[in-house]
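Summary of structural features
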Amino acid sequence: MDPANDDLRDEVTCPVCLEIPRSGGLLPCPNSHLICVDCFDRLRRRKVCPECRAAYVVPQGMTKPRPSPLADKLLDQMTFQCRLVIFAY
Ligand SMILES: [Zn+2]
Ligand SMILES: [Zn+2]
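We now turn to the structure provided with this report.

Rules and cut-offs
- Residues numbered from 1 in each chain as written.
- Chains lettered and ligands numbered in written order.
- Predicted model: local features only at pLDDT ≥ 70, side-chain atom pairs only at ≥ 80, totals over all residues.
- Helix = DSSP H or I, 4+ residues; strand = E, 2+ residues; numbered from the N terminus.
- Buried ≥ 20, exposed ≤ 12 C-beta atoms within 10 Å, placed from the backbone.
- Contact = placed C-beta atoms within 7 Å.
- Core = buried A, V, L, I, M, F, W, Y, C linked by C-beta atoms within 7 Å.

1. Description of the overall build of the chain
The helix and strand inventory of the chain stands at three helices and two strands. Taken from the N to the C terminus, the helices and strands of the chain come in the order α-β-β-α-α. Looking at the chain as a whole, 17% of its 89 residues are labelled buried. Sequence-distant contacts, at least 24 apart, represent 51% of the contacts inside the chain between residues at least 6 apart.

In structure tokens, the structure reads:
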């Protein structure tokens, strides 16, 4: 396994379910950590970032994590790689 690839994987792995989400975004925590849409929903009551443990406030009406073009791009790349692996075997 390419170590650079592992780093990329870490970047986009959801810290709660440890999956590479198909759809994710950024928490309103001070460090803007990535979270998947499902876990954002699950964390609504706790409001503590699972990654940096900082408490955060979900702005009113916010039902999904903040979209991140960079995260989207990374996720796109990761899922593309997954597809390639599936086809290769
Ligand atoms: Zn998750
Ligand atoms: Zn955080």
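2. Here's the deal with the nonpolar core
Of all hydrophobic cores here, the largest spans 11 residues; its members are V12, C14, L27, L34, I35, C36, C39, F40, C49, A71 and L75. Contributing elements (two or more residues each) for this core: β2 (34–36), α2 (37–42) and α3 (69–88). The greatest single-element share of this core, amounting to three residues, is contributed by β2. Among residues more than four places away in sequence, those in contact with C49 are L27, C29, H33, A54 and Y56.

3. Re the environment of L18
Assignment of secondary structure puts L18 in the loop between α1 (3–12) and β1 (24–26). Judged by the 8 C-beta atoms lying within 10 Å of it, L18 is exposed. Distance from L18 to I35, taken between C-alpha atoms, is 9.8 Å for residues 17 residues apart in sequence.

4. Things to note about the environment of P28
Here P28 lies in the loop between β1 and β2. Separated by 21 residues in sequence, P28 and C49 have C-alpha atoms that sit 8.7 Å apart. Apart from the residues within four sequence positions on either side, P28 is in contact with Y56, V57, V58, P59 and R66.

5. Description of the environment of V58
Tracing the chain through its elements places V58 in the loop between α2 and α3. Measuring from C-alpha to C-alpha, the distance between V58 and R45 comes to 9.8 Å, with 13 residues separating the pair along the chain. If we ignore the near neighbours within four places in the chain, the residues touching V58 are P28, R44 and K47.

Purely geometric numbers; function is a separate question.
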